[in-house]
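Listed below are the residues making up each chain.
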Amino acid sequence: MLVLLAGIFVVHIATVIMLFVSTIANVWMVSSSSFGTISTGLWLLCNKTCNQLSVKSGDETSLKVVQAFMILSIIFSVVALILFIIQLFTLEKGKRFYMTGAVMLVCWMCILIAVSIYTARFTGKTQYVTNPHHGYCFILAWICFCFSFIIGILYLVLRKK
């Protein structure tokens, strides 16, 4: 049981780190142009230098929503990690980690909303570029989506022994 708790804790910390990286780094979409490789993230458009990401006025609201939900997912993941540590030392034997699991599933929903909106609104819609494809931040966000769901379910099923 201790090994299982330690494993979940390590995966949870890895999920938090990957959420930070995928939100902060600017490699959600990568493409080529006459200027070289261009990468776009949630905040900046980077070529040789990075500039503020400019989007069409219709897509600006969608980008703000994606940014907000990615930040919320980080917050909920950190809160779930803190709750797990608190419940680990204060919860009576035989009780389940309901609160930690619920908060982690809220984190899962935030990631789902953010990445789904980004996929629907921004995938491959960059002008004047060739060969657009997803960058590592986008892939990390989907990996965090899977990990947060698995961790959330495990917290709900897991009992303290």
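Residues numbered from 1 in each chain as written. Predicted model: local features only at pLDDT ≥ 70, side-chain atom pairs only at ≥ 80, totals over all residues. Heavy atoms only, no water.

Digging into the overall build of the chain
To be explicit about the condition: Here a strand is any run of E in DSSP of at least two residues, a helix any run of H or I of at least four, and the numbering for each starts at the N terminus. Note on exposure labels: buried denotes an accessible area under 20% of the residue type's maximum, exposed denotes more than 50%, and partly exposed covers the range between, all computed with a 1.4 Å probe on protein chains only. Contact between two residues is taken to exist if any of their heavy atoms lie within 4.5 Å; hydrogens are not considered.
Helix and strand content of the chain: four helices and five strands. Taken from the N to the C terminus, the helices and strands of the chain come in the order α-β-β-β-β-α-α-β-α. For the chain, the C-alpha atoms occupy an extent of roughly 60 × 30 × 20 Å along the three principal directions. In the chain, which comprises 161 residues, the share counted as buried stands at 41%. In the chain, once contacts between residues fewer than 6 apart in sequence are set aside, the share between residues at least 24 apart is 72%.

A closer look at the nonpolar core
Quick reminder of the rule: We call a set of buried Ala, Val, Leu, Ile, Met, Phe, Trp, Tyr and Cys residues a nonpolar core when their side-chain atoms join them within 4.5 Å.
Formed by 38 residues in total, the largest nonpolar core has its most connected members in Trp-28, Met-70 and Tyr-118. Among the secondary structure elements, those contributing two or more residues to this core are helix 1 (2-24), strand 1 (29-33), helix 2 (57-90), helix 3 (98-122) and helix 4 (136-157). For this core, the element with the most residues is helix 3, which contributes ten residues. Residues within four places of Met-70 in sequence aside, it is in contact with Leu-19, Ser-22, Thr-23, Trp-28, Leu-42, Ala-114 and Ala-141.

Thoughts on the sheet that holds strand 5 (residues 130-134)
In plain terms, the rule: When DSSP finds two or more bridges between a pair of strands, those strands are recorded as paired. Here, axes are lines fitted to C-alpha atoms. For helices the fit covers the stretch in contact, and angles between N-to-C directions go from 0 to 180 degrees.
Reading across the sheet, the five strands line up as 4-3-2-1-5 and stay open at both edges, with antiparallel pairing between neighbours. Of all strands in the sheet, those with a lone pairing partner are strand 4 (50-52) and strand 5, marking the two edges. Within this sheet the neighbouring strands show an average axis-to-axis angle of 20°, counted without direction.

Comments concerning the packing of aromatic side chains
The way to describe two aromatic rings as a pair is by their centre distance and the angle between their planes. Note the following rule: To pair, rings of Phe, Tyr and Trp, with the six-membered ring standing in for Trp, must have centres within 6.5 Å; the planes then decide the type, stacked if under 30 degrees apart, edge-to-face if over 60, and tilted in the middle.
Following the criterion strictly, the structure yields eleven aromatic pairs and no others. A centroid spacing of 5.3 Å and a plane angle of 50° characterise the contact between Phe-84 and Phe-97, whose relative ring orientation is tilted. Taken together, the residues Phe-84 in helix 2 and Phe-97 in the loop between helix 2 and helix 3 connect sequence positions 13 residues apart. Grouped by ring-pair contacts, the aromatic residues Trp-28, Trp-108, Tyr-118, Phe-138, Trp-142, Phe-145 and Phe-149 constitute a single cluster.

Looking at the side chain of Asp-59
Short version of the rule: Polar contacts, as counted here, are pairs of nitrogen or oxygen atoms within 3.5 Å of one another; within protein the pair requires one atom able to donate a hydrogen and one able to accept it, and residues that are adjacent in sequence qualify only if both atoms are side-chain atoms.
Looking at the element boundaries, Asp-59 is found in helix 2. For Asp-59, the side chain forms a polar contact with the side chain of Arg-121, separated by 2.7 Å. Once residues lying within four places of it in the same chain are set aside, the contact partners of Asp-59 are Arg-121 and Phe-122.

Structural notes on the UniProt feature "transmembrane region" (unreviewed entry) in the chain
As a reminder, the rule being used: UniProt positions are given in the numbering used here, feature names are shortened, and annotations may be inferred rather than shown by experiment.
The feature "transmembrane region" (unreviewed entry), as annotated in UniProt, sits at residues 7-29, 65-85, 97-118 and 138-158 in this numbering. Annotated as residues 7-29, this span is 78% helix and 4% strand, and its ends, taken at the C-alpha atoms, are 32 Å apart.

Describing the environment of Val-21
Here Val-21 lies in helix 1. For the pair Val-21 and Cys-137, spaced 116 residues apart in sequence, the C-alpha separation works out to 7.0 Å. Those residues in contact with Val-21, other than ones at most four positions away along the chain, are Tyr-136, Cys-137 and Leu-140.

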